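Here is how the chains run, residue by residue.
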Amino acid sequence: MSLAEQQNVREKYYAEATRYMENAREYLKSAQKEGSFYRDQKYVRTACGTAYSGVLVALDGYCVLKEIHTSKSKKERKSIEYYQKNIANQDKKMLDYLNAAYDILHLSGYYDGIQSVEVIKTGFNFANTIIEKIKPLSN
């Protein structure tokens, strides 16, 4: 893949992933933070699910950049195991961030509805770290 093609992939996936994160931050604003906890679990769950979706978009872009074989059908769903296996072969630190983002945002935040401000903030930080891996190169 040429540098121009890589840059196009970075721009496309980075823009989409950051859009998800911006939307997630907006949902958190609606969750009514009181001290160390958010009061409205519905908005926290929505924010965490949206942020995790941004992580998946970034990981898809990362896989394209690393020329990792993806499924034949775009509609075919990828599992967390798919991402873990392929990321582990490329970057062990990124795998750590993926596992942490998955645990915090997807499992604890989205499914369990954890409302701790610090935990959610940490999950968002892990998500942003993953998304930064595909940030377009500056000219």
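Figured I'd write up the structure that's included with this text. Bear in mind that the values here come from a model prediction, so they are computed numbers and not experimental data.

## Observations concerning helix 1 (residues 3–29)
Over its 27 residues, helix 1 runs 38 Å from end to end, which matches the ideal 39 Å to within 8%, given 1.5 Å per residue. In this structure, the buried side of helix 1 is in contact with strand 2 (37–38), helix 2 (41–65) and helix 5 (117–132).

## Brief notes about the environment of phenylalanine 37
In this structure, phenylalanine 37 sits in strand 2. Residue phenylalanine 37 is classed as partly exposed on the basis of its relative accessible area, which comes to 42%. Put simply, phenylalanine 37 and threonine 18 are 19 residues apart on the chain and 25 Å apart in space, counted from C-alpha to C-alpha. For phenylalanine 37, the residues in contact, after removing those within four places along its chain, are Gln32, Gln115, Ser116 and Val117.

## Observations concerning helix 4 (residues 92–111)
Think of an α-helix as 3.6 residues a turn; residues three or four steps apart then line up on the same face. At tyrosine 102, helix 4 shows its maximal kink, close to 25°. What helix 4 keeps buried is the set Met94, Leu95, Leu98, Ala100, Ala101, Tyr102, Ile104, Leu105, His106 and Gly109. As for helix 4, its buried residues are in contact with helix 2, helix 3 (80–88) and helix 5. Among the residues of helix 4, the N-terminal cap falls to aspartate 91, whose side-chain oxygen and the backbone nitrogen of lysine 93 are separated by 3.1 Å. Positive backbone phi, approximately 75°, marks glycine 113, located one or two places after helix 4.

## Digging into the packing of aromatic side chains
Counted according to the given criterion, the structure contains four aromatic pairs. Taking the centre distance of 5.3 Å and the plane angle of 80° together, the rings of tyrosine 82 and tyrosine 83 count as edge-to-face. Comparing tyrosine 82 with tyrosine 83, the two get one shared label, buried. With a centroid separation of 5.7 Å and 55° between ring planes, the pair formed by tyrosine 97 and phenylalanine 126 is classed as tilted.

Rules behind the numbers
Residues numbered from 1 in each chain as written. Predicted model: local features only at pLDDT ≥ 70, side-chain atom pairs only at ≥ 80, totals over all residues. Heavy atoms only, no water. Helix = DSSP H or I, 4+ residues; strand = E, 2+ residues; numbered from the N terminus. Expected span 1.5 Å × (residues − 1). Contact = heavy atoms within 4.5 Å. Buried < 20%, exposed > 50% of the residue type's maximum accessible area, 1.4 Å probe, protein only. Bend = angle between axes of the 7 residues up to and from the residue. Polar contact = N/O pair within 3.5 Å; in protein donor to acceptor, adjacent residues only side chain to side chain. Phe/Tyr/Trp six-rings, centres within 6.5 Å; stacked < 30°, edge-to-face > 60°.

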